[in-house]
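Listed here are the chains, written in short residue letters.
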Amino acid sequence: MSFSFRDTLLPVFTLVLISAHAGAAPKSPVPPSQAGAQVTELANGLDHPWSLAFLPDNQGALITERSGQLRLWKPDGGLSSPLKGVPRVWGSGQAGLWDVRLSPDFASNRRVYLTFSQPGEKGEPHAALGYGTLSADNKTLSNFKVIFIQQPALQSGINLGGRMAFDDKGNIYLSTGDNNQRINAQHLNQLQGKILRLTPEGGIPQDNPFVHDKNAKPEIWTYGNRNPQGLAINPWSGALWETEHGPRGGDEVNLPQPGKNYGWPLATFGINYSGQPIPEAKGTTLAGAEDPIYYWEVSPALSGMAFYNAQTFPQWKNSLFVGALAGESLIRLTLDGDTVTHEERLLSDRKERIREVQIGSDGFVYVLTDESDGKLLKIAPQS
């Protein structure tokens, strides 16, 4: 029996491979605790919502649906009809419309960036990144421009990445999954299984780590990544953080640094869905590769992530919130610098897959549930 879609699996207990390589061991996970939360349902009826971006001045939030719609949710008006001007997507499995992020200069250029799977000239799918200009009435994306198309075409609708984050120069970090072509994550002449760094127009920043290596793709920032499903900038350090799907076990939190190898598929804490070892794996660590700062032996199936940098709820100070799909929970990790000191599970009683996490300007945590009747939820700690 085989499994096709990584983030549809229920959590299962896994065997952990014993490392055959020297190197510093990553920090072991701390036992999770359960916690209550106050939940307000703000919207429902969304078709597998994937991403959430708040507009300024309390105008609401843009929400992507994997099937290809971009909607606006307003606090006083609910969900809008689909916005016009959104590109057509290729939908299959995990493929479709993914991330939505506002340009750092949104106040002046009103750019909205989207990642999605795009049908090519012959109908073949490609991962793509582009932007359009949001109209003043928030109803239309005009002049949508595709600025990056991943080559070669996708082989299937699994392990696709698709997250974005902006650095302090306005450059774009973009995650790509291995697309079930595992060893390509290690090949610098391939874009699968990487985090890329692009200019706001899709060009190559000249300080990228491989920009002068004729044997490497100049877009690459890191490699050896399986399926990065969360990217966020740590507000206290300014560093990029990433959450990554493992296979059956081995989900990770990483600090992606330029030019570094994160091991997949040569190093992993997971095994294959069949119960057998990953064929290419050499152990849990790999000489010359970076270890995760935190990992799970039982996969929650990690999704979006957000740092809590608000003053509204002091008990959530220094927290990283991560969505869990198969784990059907919102995970709160307490941080001491780059060390995870505590793990807490919220929303587990709701039995809903959490796809996206964002922090509102009001200091509440907002999540999207990945369901055919997906919801937008507002979260506060239990009083």
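Residues numbered from 1 in each chain as written. Predicted model: local features only at pLDDT ≥ 70, side-chain atom pairs only at ≥ 80, totals over all residues. Heavy atoms only, no water.

**Quick look at the overall build of the protein chain**
The condition is simple: Helix numbering and strand numbering both begin at the N terminus, where a helix is a DSSP run of H or I of at least 4 residues and a strand a DSSP run of E of at least 2. With the radius of gyration taken over C-alpha atoms, the globule rule is written as 2.2 Å times the number of residues to the power 0.38. Type-normalised accessible area, obtained with a 1.4 Å probe on protein chains alone, sets the label of each residue: buried when under 20%, exposed when over 50%, and partly exposed for intermediate values.
The helix and strand inventory of the protein chain stands at 1 helix and 25 strands. For the protein chain, the C-alpha radius of gyration of 19 Å lies close to 21 Å, the compact-globule estimate for 383 residues. In terms of principal-axis extent, the alpha carbons of the protein chain reach across some 60 × 50 × 45 Å. Counting all 383 residues of the protein chain, 57% fall into the buried class.

**Considerations on the packing of aromatic side chains**
Stated formally: When the centres of two rings from Phe, Tyr and Trp lie within 6.5 Å, Trp using its six-membered ring, the rings pair. Their planes under 30 degrees apart give stacked, over 60 give edge-to-face, and anything left gives tilted. Charge-over-ring placement is defined geometrically: NZ (Lys) or CZ (Arg) within 6 Å of the ring centre, and within 35 degrees of the ring normal.
Taken as a whole, this structure holds 16 aromatic pairs when the rule is applied. Ring centres 4.9 Å apart and planes at 70° place the aromatic pair F54 and Y366 in the edge-to-face group. Note that F54 is positioned in strand β3 (residues 49–54) and Y366 in strand β24 (residues 365–369), a separation of 312 residues in sequence. In this arrangement the basic side chain of K378 is found over the ring face of F364, its NZ or CZ atom lying 4.2 Å from the centre.

**As for the side chain of S175**
For clarity, the cut-off: As used in this structure description, the phrase polar contact means that two N or O atoms lie within 3.5 Å; if the pair is within protein, one of them must be able to donate a hydrogen and the other to accept it, and residues adjacent in sequence are counted only when both atoms belong to side chains. Two residues qualify as a contact provided that any one of their heavy atoms is within 4.5 Å of a heavy atom in the partner residue.
Within the element layout of this structure, S175 appears in strand β12 (residues 172–176). At a separation of 3.0 Å, a polar atom in the side chain of S175 contacts the main-chain carbonyl oxygen of P228. Contacts of S175, omitting those with residues within four sequence positions, involve L160, G161, G162, R163, K194, I195, P228 and L231.

**Structural notes on the UniProt feature "domain: Glucose/Sorbosone dehydrogenase" (unreviewed entry) in the protein chain**
Rules: UniProt positions are given in the numbering used here, feature names are shortened, and annotations may be inferred rather than shown by experiment.
UniProt feature "domain: Glucose/Sorbosone dehydrogenase" (unreviewed entry): in the numbering of this structure it lies at residues 46–378. Each end of residues 46–378 is marked by a C-alpha atom, and these two atoms are 15 Å apart; helix forms 1% of the span and strand 41%.

**Looking at the pairing of strand β10 (residues 141–149)**
Under the convention used in this document: The rule for pairing is simple: two strands pair if DSSP sees at least two bridges between them.
Looking at chain direction, strand β9 (residues 125–134) and β10 are connected through 6 bridges and run antiparallel. Paired with Y131 across the strands is K145, a residue of β10. Hairpin connection of β9 to β10: 6 residues between the antiparallel strands, including N138 at a positive phi of 60°.

**Some details on the nonpolar core**
Where we set the bar: Residues belong to one nonpolar core when they are buried, are Ala, Val, Leu, Ile, Met, Phe, Trp, Tyr or Cys, and are joined through side-chain atoms within 4.5 Å.
Counting 18 residues, the largest nonpolar core has L62, V112 and L114 as the members making the most contacts within it. Residue assignment for this core shows that the elements contributing at least two residues are β5 (70–74), β7 (97–102), β8 (111–119) and β9. Residue contacts for V112: discarding those within four places in its chain leaves L62, V100, R101, L102, F106, G130, Y131, G132, L134 and L141.

**Observations concerning the sheet that holds strand β18 (residues 294–296)**
Cut-off, in case you're wondering: An axis is simply a line fitted to the C-alpha atoms; with a helix, the fit covers only the stretch in contact. Between two such axes, the angle follows the N-to-C directions and lies from 0 to 180 degrees.
Sheet architecture is open: 4 strands sit in the order β15-β16-β17-β18, paired in antiparallel fashion. In this open sheet, the two edge strands, each paired with only one partner strand, are β15 (227–233) and β18. The sheet shows a mean angle of 15° between the axes of neighbouring strands, direction not considered. Here 6 bridges tie β15 to strand β16 (residues 240–245), and the two strands are oriented antiparallel to one another. Looking at the pairing, P228 lines up with E244 of β16.

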